[in-house]
Amino acid sequence: MLEIKNLHATIGDKEILKGINLNVKAGEVHAIMGPNGSGKSTLATVIAGKEEYEVTKGTITLNNEDLEDLAPEERAHKGIFLSFQYPIEIPGVSVTNFIKTAINETRKASGQEDLPAKDMLKKIREKAELLEIDRKFLSRSLNEGFSGGETKRNEIFQMAMLEPKLAILDETDSGLDIDALKVVANGVNKLKSKDNAVILITHYQRLLDYIVPDFVHVLHNGKIVKSGGKELAHELEAKGYDWLK
Amino acid sequence: MNLKEKLITSFLAFENKVSTDTETTVHDTRSKAFSHFEKNGFPTRKDEEWKYTPLKSVLKHDYTLFPTTNTAIEFATVKEYFIHEIDSYKIVFIDGVYSSYLSETTHDGCDICLMSSSLKKPKYKMVIDHYFDKITSKNDSVTSLNTAFSNEGAYIHIPKNTVLPKPIQIIHFSTGSEAQLMLQPRSLVIVGENSHVQIVERHQSLTNNVVFTNSVTEIFAAKRAIVDYYKIQNDKKTASLIDSTYVQQKQQSIVSVNTFSFGGNFTRNNLEFHQEGEHIDSILNGITIIGDKQLVDNHTLVNHNYPNCESHELYKGIYADKSTGVFNGKVIVKQAAQKTNAYQQNNNIIIDDGATINTKPQLEIFADDVKCSHGCTIGQLDEDALFYLRSRGIPKKEAEALLLYAFANDALEKIKIPELKTRITKLIANKLGVELGFEL
Ligand SMILES: Nc1ncnc2c1ncn2[C@@H]1O[C@H](COP(=O)(O)OP(=O)(O)OP(=O)(O)O)[C@@H](O)[C@H]1O
Ligand SMILES: [Mg+2]
């Protein structure tokens, strides 16, 4: 599904990704771990198409299509979803209105009509229930004054609504209490199928107890320095990153 | 003959026509104001307060000062300019002349009626002598000009302990019956102790003929009065407006003036608050969204004369194309005004390189125990926010519009009439090209 080959990316004159290779197939869950500042969020953001980063070498393809010339919204329309480490506040636009806009714009891009209001409501109710999100919460301004946990849960709610092919979750577990973590993990698991894939960026083994990865990669200084199965996460939890540097 | 000369030569005839025996003080006021205008004329860019706001292109037209034709308008054709979803009092003018047909005035328990009759009738003389032209700036020749020609406008007098059950709408239509028309409405709003009133005001031309309005309003808020004033400025691109509003507040009163400037060719707002008592709150909000070659200038002054008062000022501007924004916010805290809290914010977003904004906060603080803050920002849209929206599938243009809408939003939150809030929200969404596929 997603193929990254020798990816180099810079911002300003600073090279942050220094030759990344990654292959994610449909139905798989990959975890990316690594110390602060190693380039995890940068990788996620580059996949999602942020224009401030320049890809100087290498390629990213989704289902064999080169993403290079695609704008962030076009990548979203092709099924890429990024759950942000730090979501942005949008005052005056409710969670519901925002997700409606996102869904209908995505449908428009593939020549579909707006989702009928009735179906939209039904879907919102379903997904909100899955993630145990309160009705009142949905009419609040997007991310405005949300607690850390609420922003993350809301990101996963949006993912559930948009039903992406490739979901990249950047530290979605940070800031969640144990119960919320279970709810969110359960939501992600329910949405997983053999046709979609998930990349989890995390610092903690804990999340991987709930969403079990097929592969774990360690990113260090802009490169993947080690890959393995889920047991690698346990090893990292015990030993830290020093032995890999 | 230029506009100034034309105005000067028509003054005597005007005064003879409107003047009556009862209004000797008004006559004196007009004459004095006329002399001031005659001496000073219109401001030029050499005047510090008009440095970025050239009047020249507005003054160059050959305006009709007193239209002779009486044009009737059907309500259906202008319905959209009313907040018609709600019950309200209405004071409506067509080409400067009162339209009883479109209006809904009252003398039942309060006076919501016409300036012209209040200036003339003996029973209003005491009130007029007490309030009329008492708080206007005597250094502003444009206001003097309005005073000299003052005759028609809204007259609102709410006695004490009256909570007005519905808002008042003041609408000035121009029909285009004259190719170029100058209007000078003059309004007086007096709100008694403990009384509440909400006013929505609008100047609206119905054709693309040139209109220049020089409007002056005086607002007096007695003890514990609450006044909410909303100005909808969404006129045609051939309309120019100088709108001067003077507010005097007594202790514990709360007055807010909310200015929404989206339309028009040239708009200058002068807004002055004078606090005359303790525990007063003065609230000034503005949203400006313009493009093309439009100009909007917000000049504000808050005079803190007494201790323990507050002022809250928030102006937001979005400027596209070759538009020009000016913000000048003066806050004066007199020595006696200890424990003043004065907040001022002016945030601007420039969309196109051709747009300009000149912003100047002026704080003059003579008391030592005060909390004053001011901030002005001029920026572009936040790239991270834009990326966030786009990564959810919202195309760039829509994402930008949504962010601009979000930017303006906090100044919208203060609108207390829900139907008006919806109306303004829609105006903003239209102006920004936000798809209202969602109900806001
Ligand atoms: N816009 C930017 N300008 C300059 N440097 C940047 C920019 N964005 C990221 N960086 C740098 O790139 C490096 C990688 O950052 P990134 O956010 O990808 O790390 P991370 O692995 O996600 O870290 P964390 O675990 O703390 O979230 C850091 O050194 C960071 O300072
Ligand atoms: Mg990160």
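Residues numbered from 1 in each chain as written. Chains lettered and ligands numbered in written order. Predicted model: local features only at pLDDT ≥ 70, side-chain atom pairs only at ≥ 80, totals over all residues. Heavy atoms only, no water.

Residues and elements named next belong to chain A. Around ligand 1 there are 15 residues in total, and Gly37, Lys40, Ser41, Thr42 and His203 lie nearest to it. For ligand 1, an oxygen atom lies 3.2 Å from a polar atom in the backbone of Ser38. Residue Tyr53 places a side-chain N or O atom 3.2 Å away from a nitrogen atom belonging to ligand 1. Breaking the shell around ligand 1 down by element, the ones donating at least two residues are strand E2 (14–24) and helix H1 (40–48). Tallying contributions element by element places H1 first for the shell around ligand 1, with three residues. (Near = heavy atom within 4 Å. Polar contact = N/O pair within 3.5 Å; in protein donor to acceptor, adjacent residues only side chain to side chain. Helix = DSSP H or I, 4+ residues; strand = E, 2+ residues; numbered from the N terminus.)

For soluble globular proteins, nonpolar side chains are generally found buried alongside one another. By size, the foremost hydrophobic cluster in this structure holds 116 residues, and its most contacted members are Phe157 and Leu166 of chain A. The greatest single-element share of this core, amounting to 11 residues, is contributed by helix H9 (residues 396–412) of chain B. Shared between two domains, this core takes at least three residues from each, and those domains are domain 1 (3–276) and domain 2 (381–440) of chain B. The contact partners of Leu166 of chain A, leaving out residues within four places of it in the chain, are Met1, Leu2, Ile47, Leu62, Gly79, Ile80, Phe81, Ala197 and Ile199 of chain A. (Core = buried A, V, L, I, M, F, W, Y, C linked by side-chain atoms within 4.5 Å. Buried < 20%, exposed > 50% of the residue type's maximum accessible area, 1.4 Å probe, protein only. Domains from an automatic or database assignment. Contact = heavy atoms within 4.5 Å.)

You'll often see interface size given as the accessible area lost when the parts meet. Residue-level contacts link 23 residues of chain B with 35 residues of chain A. Together, the buried faces of chain B and chain A total about 2,400 Å²; carbon and sulfur atoms form 61% of this surface. Between the two partners, chain B and chain A, sit four salt bridges. We note a salt bridge from Glu155 of chain A to Arg392 of chain B, for which the minimum N-O separation is 2.7 Å. Applying the counting criterion to the chain B and chain A interface returns 10 residue pairs in polar contact (both at pLDDT 80 or more). If you list the elements that add at least two residues to the side of chain B that touches chain A, you get helix H8 (383–390) and H9 of chain B. A breakdown of the residues in the side of chain B that touches chain A according to their chemical character gives 12 nonpolar, three polar and eight charged. (Buried area = accessible area lost by both parts, 1.4 Å probe. Salt bridge = Lys/Arg side-chain N within 4 Å of Asp/Glu carboxyl O. Nonpolar A, V, L, I, M, F, W, Y, C, P; charged D, E, K, R; others polar.)

A separate point is the packing of aromatic side chains. All names here are of chain B. Applying the stated criterion to the full structure yields 19 aromatic pairs over all chains. A centroid spacing of 6.5 Å and a plane angle of 35 degrees characterise the contact between Phe11 and Phe14, whose relative ring orientation is tilted. One end of the pair is Phe11 and the other is Phe14, both in helix H1 (residues 3–18) and three residues apart, which spans about a single turn. Using a relative accessible area of 5% as the deciding quantity, one classes Phe11 as buried. For Phe14, a relative accessible area of 8% translates into the label buried. An angle of 45 degrees between the planes, with centres 5.6 Å apart, marks the rings of Tyr63 and Phe212 as tilted. Separated by 149 residues along the polypeptide, Tyr63 in the loop between helix H3 (56–59) and helix H4 (75–78) and Phe212 in strand E9 (residues 210–221) bring together distant segments of the chain. Residues Tyr63 and Phe212 agree in their burial class; the two are buried. Among the aromatic residues, those joined into a ring-pair cluster are Phe11, Phe14, Phe34, Phe66 and Phe149. For Lys316, the ring lying beneath its charged end belongs to Phe407, and the centroid distance is 4.5 Å. (Phe/Tyr/Trp six-rings, centres within 6.5 Å; stacked < 30°, edge-to-face > 60°. Lys NZ or Arg CZ within 6 Å of the ring centre and 35° of its normal.)

Looking now at the coordination of the magnesium ion (ligand 2). Coordination of the magnesium ion (ligand 2) by the protein comes from Ser41 of chain A (OG) and Gln85 of chain A (OE1), over a distance range of 2.0 to 2.3 Å. You can see Ser41 of chain A sitting in helix H1 and its partner Gln85 of chain A sitting in the loop between strand E6 (80–83) and strand E7 (90–94), a full 44 residues away along the chain. (Donors = N, O, S within 2.8 Å, 3.2 Å for Na, K, Ca; no water.)

Residues and elements named next belong to chain B. An ideal rise of 1.5 Å per residue puts 24 Å on 17 residues; H9 measures up with 24 Å between its terminal C-alpha atoms. The largest bend in H9 is about 25 degrees, located at Ala406. Where burial is concerned, most of H9 is hidden: 13 out of the 17 residues are buried. (Expected span 1.5 Å × (residues − 1). Bend = angle between axes of the 7 residues up to and from the residue.)

With that out of the way, let us pick up the state of the cysteines. Residues and elements named next belong to chain B. Taken as a whole, this structure holds zero disulfides over all chains when the rule is applied. Cys309 forms no disulfide, and the closest cysteine sulfur to it belongs to Cys372, at a distance of 12 Å. Judged by its relative accessible area of 1%, Cys309 falls in the buried class. (Disulfide = S-S within 2.5 Å.)

Okay, the environment of Ala76 of chain B next. Within the secondary structure, Ala76 of chain B sits in helix H4. Considering only alpha carbons, one finds Ala76 of chain B and Ser99 of chain B, 23 residues apart in sequence, at a separation of 15 Å.

Let us look at the domain arrangement of chain B. Residue and element names in this part refer to chain B. Here chain B is described as being made up of domain 1 (3–276) and domain 2 (381–440). The straight-line distance from the C-alpha centre of domain 1 to that of domain 2 is 32 Å. Taken together, the 16 residues of domain 1 in the interface contact 11 residues of domain 2. Interface area for domain 1 against domain 2, summed over the two sides, is near 1,300 Å², with a carbon-plus-sulfur share of 66%. Considering only the side of domain 1, the residues that lose the most area to domain 2 are Tyr230, Phe260 and Phe262, jointly responsible for 39% of the buried surface there. The interface formed by domain 1 and domain 2 holds two salt bridges in total.

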